[in-house]
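The residues making up each chain are set out below.
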Protein chains: 2
Amino acid sequence: MKRLGILLSGRGSNFEAIADNVAAGKINAEIAVVISNRPEARGLELARARGLNAVCIPSKGMEREAYDRLVVAELKKHQVDLVCLAGFMRLLSAYFVREFPLRILNIHPALLPSFPGLDAQHQALEHGVKITGCTVHFVDENLDSGPIIVQAAVPVLDDDTVETLSARILKEEHRIYTEAINIVLSGNFRIEGRRVLLTKP
Amino acid sequence: MKRLGILLSGRGSNFEAIADNVAAGKINAEIAVVISNRPEARGLELARARGLNAVCIPSKGMEREAYDRLVVAELKKHQVDLVCLAGFMRLLSAYFVREFPLRILNIHPALLPSFPGLDAQHQALEHGVKITGCTVHFVDENLDSGPIIVQAAVPVLDDDTVETLSARILKEEHRIYTEAINIVLSGNFRIEGRRVLLTKP
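Because the structure is predicted, anything quoted here is derived from the model rather than measured.

1. Looking at the packing of aromatic side chains
So, step 1. Counted by the stated rule, this structure contains four aromatic pairs over all chains.
So, step 2. Centroid distance Phe96 of chain A to Phe100 of chain A: 6.1 Å. Interplanar angle 55 degrees. Geometry classified as tilted.
So, step 3. Look at Phe96 of chain A and you get buried, because its relative accessible area is 0%.
So, step 4. Judged by relative accessible area, Phe100 of chain A falls into the buried class, the value being 6%.
So, step 5. Ring centres of Phe138 of chain B and Phe189 of chain B lie 5.7 Å apart, and the angle between their planes is 35 degrees; on these two criteria the pair is classed as tilted. Separated by 51 residues along the polypeptide, Phe138 of chain B in strand β6 (residues 131-138) and Phe189 of chain B in strand β8 (residues 189-192) bring together distant segments of the chain.
So, step 6. Overall, Phe138 of chain B belongs to the buried group, its relative accessible area being 2%.

Right, here's the structure in full:
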């Protein structure tokens, strides 16, 4: 059984979707540990309520790599195979990325490379796009920039607010994060340049 | 009857789709003139074969605004209401844009703001996106940057080449360009910031 490590900073809605799909047998893995950099993250509570290992490693005031060494140690202690960022509001250091090569995923609420960074849904509305979406990608040291595993398109409606648009995207996030985790855990992919291509099982 | 002016530099596949839809009554307008900046553009031949006014105004060696003054004069001579760029490989001057405020459309083979500029399909493949598409937008003085009227999403497949992906996108281009022309000709829209919002007829 493969072991997932989840990193979050807040509510962790994608963590909950992953946990639901693990429980439903739709992801062939178990959640080994949930780590938050913020003590008040609601995701920690939710993890504990599910009987999962939930650990807070506060990041406040720490340098990036010093912090990442603590997180990597915790992930290794729990023998994590795949790290899933679920609203983890920090860039990872080169050290962290090297420790889990092609084993760290992130989800972003836009069709990258459009609208990287914070408030992607707000950015999309302001730009006036008619289609946005979400992206699961491998994590490298840069912001929202690693090779893309799965994307989903979502329409922007004329009467959308950030809230209604975010809710519509979130549904797709929950679906494609599970899809991407299964692709990566299966090992049935190869990378050519920036392209993630599926291979036969 | 509203009057369209088409600008092209090459084959003008989007011009043909527009002409077909005009002929089929799916666009409530007529094509007043087709203008190419290149004498050898196949779109000119195709326009003549359809019995349309087809004019070559060679751009070679001309300064941008001096050239645009010739084109604007030709468009005005034909009393054009709406200018449609269909593979017209030149940036328009501020002068041109001012002469046709919110009356110039362009189509781009990507989901802007991703992959502006040349070879958008190649850019999309190289970047490894799983979803790309096309965009019809109002033209301003900058490259592929005006307010967006319609977009369509298109999947990128693992075995896609630039050719297969371009063909898949082109089908959607033909569909949404007509849709966008009808929206603009109807006048049933308003612009808020960068957003193009439909209004009731």
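2. Side note on the pattern of salt bridges
All names here are of chain A.
So, step 1. This structure, assessed with the given rule, holds 24 salt bridges over all chains.
So, step 2. Here Glu74 and Lys77 are joined by a salt bridge, their closest N and O atoms 3.6 Å apart. Of this pair, Glu74 and Lys77 both sit in helix α3 (residues 64-77), three residues apart, which is roughly one turn of the helix.
So, step 3. A relative accessible area of 60% places Lys77 in the exposed class.
So, step 4. Residues participating in the shared-partner salt-bridge network are Glu16, Asp20 and Arg50.

3. Let's talk about the domain arrangement of chain A
Residues and elements named next belong to chain A.
So, step 1. What the domain assignment reports for chain A is domain 1 (1-101) and domain 2 (107-135 + 144-201).
So, step 2. Relative to domain 2, the C-alpha centre of domain 1 lies at a distance of 20 Å.
So, step 3. At the interface, 16 residues of domain 1 touch eleven residues of domain 2.
So, step 4. Summing both partners gives a buried area of about 1100 Å² for domain 1 against domain 2, and 63% of it is carried by carbon and sulfur.
So, step 5. Together, Asn14, Ile27 and Leu82 form the three largest contributors to the area buried by domain 1 at its contact with domain 2, with a combined 37%.
So, step 6. On inspection of domain 1 and its partner domain 2, the count reaches zero salt bridges.
So, step 7. Elements supplying a minimum of two residues to the side of domain 1 that touches domain 2: β1 (2-8), α1 (13-23) and β4 (82-85).
So, step 8. It is α1 that provides the largest number of residues to the side of domain 1 that touches domain 2, a total of five residues.
So, step 9. A class-by-class count of the residues in the side of domain 1 that touches domain 2 yields nine nonpolar, four polar and three charged.

4. A look at the relation of the copies chain A and chain B
One chain copy maps onto the other through a rotation about an axis and a shift parallel to that axis.
So, step 1. Rotating chain A by 180 degrees about the axis while translating it 0.0 Å along that axis superimposes it on chain B, leaving an RMSD of 0.0 Å. Within this description, the copies of the chain are treated as partners about a two-fold rotation axis. Minimal C-alpha distance to the rotation axis in chain A is attained by Ser114 of chain A, lying at 2.6 Å.
So, step 2. A symmetric contact is evident, with 100% of the interface residues of chain A recurring at the interface of chain B.

5. Regarding the interface of chain A and chain B
So, step 1. Of the residues lining the interface, 27 residues belong to chain A; the matching set on chain B comes to 27 residues.
So, step 2. Of the roughly 2200 Å² buried between chain A and chain B, counting both surfaces, carbon and sulfur atoms make up 52%.
So, step 3. Inspection of the region where chain A meets chain B yields zero salt bridges.
So, step 4. Listed by contribution, the elements that provide at least two residues to the side of chain A that touches chain B are α5 (120-127), β7 (148-155) and β9 (195-198) of chain A.
So, step 5. Tallying contributions element by element places β7 of chain A first for the side of chain A that touches chain B, with six residues.
So, step 6. By residue class, the composition of the side of chain A that touches chain B is 17 nonpolar, four polar and six charged.

6. Looking at the pairing of β4 of chain A
Residues and elements named next belong to chain A.
So, step 1. In β4, alternate side chains face the same way, and those of Leu82 and Cys84 on one face and Val83 and Leu85 on the other are all buried.
So, step 2. Where β1 meets β4, four bridges bridge the pair, whose relative direction is parallel. Paired with Leu7 across the strands is Leu85, a residue of β4.
So, step 3. Bridge count between β4 and strand β5 (residues 104-108): two bridges; the pairing is parallel. Each bridged residue has a counterpart across the sheet, and for Cys84 the counterpart in β5 is Leu105.
So, step 4. The handedness of the β4 to β5 crossover, carried by helix α4 (residues 94-99), is right-handed.

7. Structural notes on the confidence of the model for chain A
So, step 1. Taken residue by residue, chain A gives an average pLDDT of 97. The fraction at 70 or more is 100%.
So, step 2. Predicted as a complex, the structure gets a pTM of 0.95 and an ipTM equal to 0.95.

8. A few points about helix α3 (residues 64-77) of chain B
All names here are of chain B.
So, step 1. For α3, which comprises 14 residues, the first-to-last C-alpha distance of 20 Å matches the rise-based estimate of 20 Å (1.5 Å per residue) to within 8%.
So, step 2. Buried within α3 we find Tyr67, Asp68, Val71, Val72, Glu74 and Leu75. For α3, the buried positions fall inside an angular range of 160 degrees around the axis, keeping them on one side.
So, step 3. Remark: Gln79 follows α3 within two positions and exhibits a positive phi of approximately 50 degrees.

What counts and how
Residues numbered from 1 in each chain as written. Chains lettered and ligands numbered in written order. Predicted model: local features only at pLDDT ≥ 70, side-chain atom pairs only at ≥ 80, totals over all residues. Heavy atoms only, no water. Phe/Tyr/Trp six-rings, centres within 6.5 Å; stacked < 30°, edge-to-face > 60°. Buried < 20%, exposed > 50% of the residue type's maximum accessible area, 1.4 Å probe, protein only. Helix = DSSP H or I, 4+ residues; strand = E, 2+ residues; numbered from the N terminus. Salt bridge = Lys/Arg side-chain N within 4 Å of Asp/Glu carboxyl O. Domains from an automatic or database assignment. Contact = heavy atoms within 4.5 Å. Buried area = accessible area lost by both parts, 1.4 Å probe. Nonpolar A, V, L, I, M, F, W, Y, C, P; charged D, E, K, R; others polar. Least-squares fit on C-alpha atoms with pLDDT ≥ 70 in both. Pairing = 2+ DSSP bridges. Right-handed = clockwise from strand over helix to strand, strands pointing away. pLDDT = per-residue confidence, 0-100. Expected span 1.5 Å × (residues − 1). Arc of directions from axis to C-beta.

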